[in-house]
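# Observations on the three-dimensional arrangement
Spelled out, the chains give:
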Protein chains: 2
Amino acid sequence: MIIDIPENSDFSIHNIPFGIFSTKDRSPRAGVAVGDHILDLVAVAELDVFDFNVAVLGREDLNDFISLGKEITSRVRKKIQYWLKDDTSPLAGKPELFVKQSEAQMHMPVCVGDYTDFYSSIEHATNVGKMFRDPENALLPNWKHIPVGYHGRASSIVVSGQPIHRPKGQTLPKDANTPVFGPSQRLDFELEMGFVVGKNTDLGESVSTKEAEDYIFGLVLFNDWSARDIQKWEYVPLGPFLGKNFASSISPWIVTLDALEPFRVSGPEQEPKVLPYLVYEGEKNYEINLEVGITPDGGDETTVCHSNFKYMYWNMAQQLAHHTVNGCNIHVGDMMASGTISGKDENSYGSMLELAWMGTKPVQLNDGSERKFINDGDTVTLRGYAQKEAIRVGFGAVSTKVLPAK
Amino acid sequence: MIIDIPENSDFSIHNIPFGIFSTKDRSPRAGVAVGDHILDLVAVAELDVFDFNVAVLGREDLNDFISLGKEITSRVRKKIQYWLKDDTSPLAGKPELFVKQSEAQMHMPVCVGDYTDFYSSIEHATNVGKMFRDPENALLPNWKHIPVGYHGRASSIVVSGQPIHRPKGQTLPKDANTPVFGPSQRLDFELEMGFVVGKNTDLGESVSTKEAEDYIFGLVLFNDWSARDIQKWEYVPLGPFLGKNFASSISPWIVTLDALEPFRVSGPEQEPKVLPYLVYEGEKNYEINLEVGITPDGGDETTVCHSNFKYMYWNMAQQLAHHTVNGCNIHVGDMMASGTISGKDENSYGSMLELAWMGTKPVQLNDGSERKFINDGDTVTLRGYAQKEAIRVGFGAVSTKVLPAK
């Protein structure tokens, strides 16, 4: 190995995720996370070892790199893996190719054209249905037939490390008839994963569940910030809007679908049977451990949730087939998030709304304080990794501090 | 006048709208509609008459031109007006600066980052509420407090002239418990106007109703295609998705807010009073005549709707103030549509859903056929113009043929 990779690193030799970084001396550019370092792909390209238009590596996002297609990007990933292991490779003995992650700033890895959020965890949809509708009929009639989703705001997706302000907005106080305006009192995270579209379609074209993986470049952790009180008042009949679009936060490294290959698992049985265009073959879920921590200002982190991406009822292939079955076109860089990923256990719920059950069961933090929702000054961190025997492929983290309303 | 402008042209000397066109010999570029012609702004720039970076005029969209800011773009519009009227201007005697509209192809005028659709006509919201919910309580409790809106799909916005395919999707047949899959049986238009954002904000920043017009570059006609049967089955609880995102069609010329100045009118009284951040001063509605025609394949057009942009309950300044009050950031090129613009009269309803009242009152066409919704082969055309005495400022049309499902 030409660079030291700490044991249990998320960014093992099996991973090779892509991102955009900069340092004091290096303008934003493509890189690969390796252990605690970043391999500078612009610097690698200067060694004349790539056989594609390397200008795409110097762009401020990965869209043009991803647009080269998986035939090229998968080969680049494999080459890097090989070179890192080979002490005689062109990368050997060239420390200037590497940057310490601690000395780099990460940027949005892609320019997101359109962002879609699904609602694909049956446990989450059931919990929300129990709380807000009917405990006996928690799931709406369409839920098991459709991977329900809606369009979100692309402009306000930000990368890990960028703090956000508590949003202000209209809410309807309990027992009131008219709304009031002010900072949200129920700021929440949502533990999600998002996939990055890796291939364009034309308007009118559909992607089958069988083809879907060709159109998925990779995944990131996705925190779909939600202001529950704003959302509750505004969302009927056209869905979430200002309760969501003030910010969503993602992890900076796109872990490729190639890297997640060893972690495929079967999804839950779908009953009733889905319509033919949603039928799929093979293992389309992925076993990825997920957790959420809350760190009060100046305090220590408390892990408040342990979940897993494998819990998803609807998989990414079904989401993409559904999204395009009407001919809706997709573009490289589009992001599609899973919806909150909750499991069956109470400590696996992927939002404060569920963990504290609408404020009725406050969550205890290590410092003795408790939370019904997220406080100003809190930092919320989502982490994720897949592990199978000695193979570990992780996502790092998306970590976001909440500042008071402006 | 250095070029002939037919009387009653939408593109009078008072208009000067911006768009992107190409011809056999000219690559996509910025132009201005003047009567039946287009003034080629790249060709004008070659005369060295502009004092800004003219490279922006040769781009495939107007985003960079608009980003110059209104101080520059408004001056460009005024200069062009002046030059067109002046027989000794630098544009005089240079027929090569002009292209016939009939010989040009129009393109999307902007690259749309995010697209938002509002629901701001009280007549439309009331009609829909009567049909689908409770005739006695047609408006939901939030409607008069919030300019209700949702995020739509930016990628599938297409320009006038581009045909669309009837979408396929899941629908729930009457009295059935399980959905079926197939072409939508209830394809509809929605008569809307959309505004183009002309100035960026940062995440966390808000735009007041007073500042809002600085952030609006101009307007287009907007047909928010809707598959009512798909929409009905999917939209609870997260809003419209595949019932809308297969296509939206816009007119190619962006009519600037400057050009619409003479057509300001007062909006309807808003009762109950709105929250302070939605209060506005002055006349923020615009009197713009709107109509919709249906042309069966090979047949003649029947006008099925006469409406007016002045009917809007919520104006654009309120929409923008609401959209950003939580800190949601906006970008140049973002598009925000009004929602279906219906008036009080039955012939002013802006969708087939309302005109044919859920299929109970079929609309008669001139050829003797009738329509509950839109048929394959039909061309739907939206037109709009403002007129005050001799001053006419029009939008041209957005005209779209519906092809059978793929």
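The shown structure was predicted, so the numbers you read here are calculated from the model rather than taken from an experiment. (Residues numbered from 1 in each chain as written. Chains lettered and ligands numbered in written order. Predicted model: local features only at pLDDT ≥ 70, side-chain atom pairs only at ≥ 80, totals over all residues. Heavy atoms only, no water.)

### Considering the pairing of strand β21 (residues 302-308) of chain A
Residue and element names in this part refer to chain A. With five of seven residues buried, β21 is to be regarded as a mostly interior element. With six bridges joining them, strand β20 (residues 289-295) and β21 adopt antiparallel strand pairing. Bridged to E291 within β21 is H306. Remark: six residues form the turn of the hairpin made by β20 and β21, two consecutive strands paired antiparallel; G298 in that turn has positive phi of roughly 75 degrees. (Buried < 20%, exposed > 50% of the residue type's maximum accessible area, 1.4 Å probe, protein only. Helix = DSSP H or I, 4+ residues; strand = E, 2+ residues; numbered from the N terminus. Pairing = 2+ DSSP bridges.)

### As for the relation of the copies chain B and chain A
For these two chains of identical sequence, chain B goes onto chain A by a turn of 180 degrees and a shift of 0.0 Å along the axis, with RMSD 0.0 Å. Given the turn and translation reported, the copies of this chain are related as if by a two-fold rotation axis. Using C-alpha coordinates, one finds that chain B approaches the rotation axis most closely at G239 of chain B, a distance of 2.1 Å. Same-surface contact between copies: 100% of interface residues of chain B are shared with the interface of chain A. (Least-squares fit on C-alpha atoms with pLDDT ≥ 70 in both. Contact = heavy atoms within 4.5 Å.)

### Quick word on the sheet that holds strand β1 (residues 18-22) of chain A
Residues and elements named next belong to chain A. Judged by pairing direction, the sheet is antiparallel, and its five strands sit side by side in the order β4-β3-β2-β1-β5 without closing on themselves. At either margin of the open sheet sits one strand with a lone partner, and together these are β4 (98-100) and β5 (105-107). Averaged over all adjacent pairs, the angle separating strand axes in this sheet is 50 degrees, with direction ignored. Bridge count between strand β3 (residues 37-40) and β4: three bridges; the pairing is antiparallel. Paired with I38 across the two strands is V99, which belongs to β4. Running over the sheet, helix α3 (residues 70-85) touches β1, β2 (29-34), β3 and β4 and is turned about 70 degrees from β1. (Axes fitted to C-alpha atoms, helices over the stretch in contact; angles between N-to-C directions.)

### A look at the sheet that holds strand β20 (residues 289-295) of chain B
Residue and element names in this part refer to chain B. Taken together, the five strands give an open sheet; going across it, the order is β9-β26-β25-β20-β21, and neighbouring strands pair in mixed fashion. Single-partner strands in this sheet number two, and they are β9 (164-165) and β21 (302-308). Across two bridges, the pairing between β9 and strand β26 (residues 391-403) is parallel. Paired with I164 across the bridge in β26 is V402.

### A few points about the interface of chain B and chain A
Taken residue by residue, the interface counts 57 residues in chain B and 57 residues in chain A. Between chain B and chain A lies a buried interface of about 5300 Å² when both sides are counted; carbon and sulfur atoms form 63% of it. Interface area lost by chain B to chain A is led by R153, L238 and F241 of chain B, which between them contribute 15%. Where chain B packs against chain A, one counts four salt bridges. In this structure, the connection of chain B to chain A is made through 25 residue pairs in polar contact (both at pLDDT 80 or more). In terms of residue count, strand β7 (residues 149-152) of chain B provides more of the side of chain B that touches chain A than any other element does, four residues in total. When grouped by side-chain class, the residues that make up the side of chain B that touches chain A number 29 nonpolar, 21 polar and seven charged. (Buried area = accessible area lost by both parts, 1.4 Å probe. Salt bridge = Lys/Arg side-chain N within 4 Å of Asp/Glu carboxyl O. Polar contact = N/O pair within 3.5 Å; in protein donor to acceptor, adjacent residues only side chain to side chain. Nonpolar A, V, L, I, M, F, W, Y, C, P; charged D, E, K, R; others polar.)

### A few points about the pattern of salt bridges
Any two side chains of opposite charge can pair if their charged atoms end up close together. Across all of its chains, the model carries 43 salt bridges over all chains by this definition. Among the salt bridges present, the one from E123 of chain A reaches K344 of chain A, with a minimum N-O distance of 3.3 Å. With a gap of 221 residues between them, E123 of chain A in helix α4 (residues 122-132) and K344 of chain A in the loop between β22 (335-337) and α7 (352-355) connect regions that are remote in the sequence. Given a relative accessible area of 68%, K344 of chain A falls into the exposed group. Where R26 of chain B meets D40 of chain B, a salt bridge forms, and the shortest distance between an N and an O atom there is 2.8 Å. Here R26 of chain B, found in the loop between β1 (18-22) and β2 (29-34), pairs with D40 of chain B, found in strand β3 (residues 37-40); they are 14 residues apart in sequence, far enough to count as distant. One exposure class covers both R26 of chain B and D40 of chain B, and it is buried.

### Focus: the state of the cysteines
Inspection of the entire model under this criterion finds zero disulfides over all chains. C328 of chain A takes part in no disulfide bond, and the closest cysteine sulfur, belonging to C111 of chain B, lies 15 Å away. Free cysteine C111 of chain B: the closest other cysteine sulfur is in C111 of chain A, separated by 7.9 Å. (Disulfide = S-S within 2.5 Å.)

### Description of the UniProt feature "domain: Fumarylacetoacetase N-terminal" (unreviewed entry) in chain A
The residues that UniProt annotates with the feature "domain: Fumarylacetoacetase N-terminal" (unreviewed entry) are residues 14-109 of chain A. Regarding residues 14-109 of chain A, the helix share stands at 27% and the strand share at 22%, and the terminal C-alpha atoms are separated by 20 Å. (UniProt positions renumbered as here; feature names shortened; annotations may be inferred.)

### Some remarks on the domain arrangement of chain A
All names here are of chain A. Per the domain assignment, the segments making up chain A are domain 1 (18-107) and domain 2 (115-403). Between domain 1 and domain 2, the C-alpha centre-to-centre distance is 29 Å. On the domain 2 side, the residues contacting the 18 residues of domain 1 number 17 residues. Taken together, the two surfaces of domain 1 and domain 2 that pack against each other cover about 1400 Å², and 64% of this comes from carbon and sulfur. Area buried by domain 1 at its contact with domain 2 is led by F18, I66 and K70, which between them contribute 43% of it. One can count six residue pairs in polar contact (both at pLDDT 80 or more) joining domain 1 with domain 2. Where the side of domain 1 that touches domain 2 is concerned, the elements lending two or more residues are β1, β2, α2 (63-67), α3 and β5. Across the side of domain 1 that touches domain 2, the residue classes tally to eight nonpolar, eight polar and two charged. (Domains from an automatic or database assignment.)

### Regarding the side chain of S121 of chain A
Residue and element names in this part refer to chain A. Assignment of secondary structure puts S121 in the loop between β6 (115-118) and α4. Taking relative accessible area as the criterion, S121 reaches 1% and is therefore assigned buried. Those residues in contact with S121 that lie beyond four places of it in its chain are W143, M312, T340, I341 and S342.

### With respect to helix α6 (residues 316-324) of chain B
All names here are of chain B. Burial within α6 is extensive, with nine of its nine residues counted as buried. Within the span of α6, buried status applies to M316, A317, Q318, Q319, L320, A321, H322, H323 and T324. Where α6 is buried, its residues touch β6 (115-118), β7, β13 (191-197), β14 (216-223), β19 (285-286) and β22 (335-337). Between a side-chain oxygen at the N-terminus of α6 and the backbone nitrogen of A317 the separation is 3.1 Å; the capping residue is N315.

### As for the nonpolar core
With 152 residues, the main nonpolar core has F309 of chain A together with F189 and F309 of chain B as its most contacted residues. Excluding its chain neighbours within four sequence positions, the residues that come into contact with F309 of chain B are M193, L219, N285, Y286, I288, L290, M316, S338 and I341 of chain B. (Core = buried A, V, L, I, M, F, W, Y, C linked by side-chain atoms within 4.5 Å.)

### Considering the UniProt feature "domain: Fumarylacetoacetase-like C-terminal" (unreviewed entry) in chain A
According to UniProt, the feature "domain: Fumarylacetoacetase-like C-terminal" (unreviewed entry) maps to residues 116-400 of chain A in the numbering used here. A helix fraction of 11% and a strand fraction of 31% characterise residues 116-400 of chain A, whose end C-alpha atoms lie 21 Å from each other.

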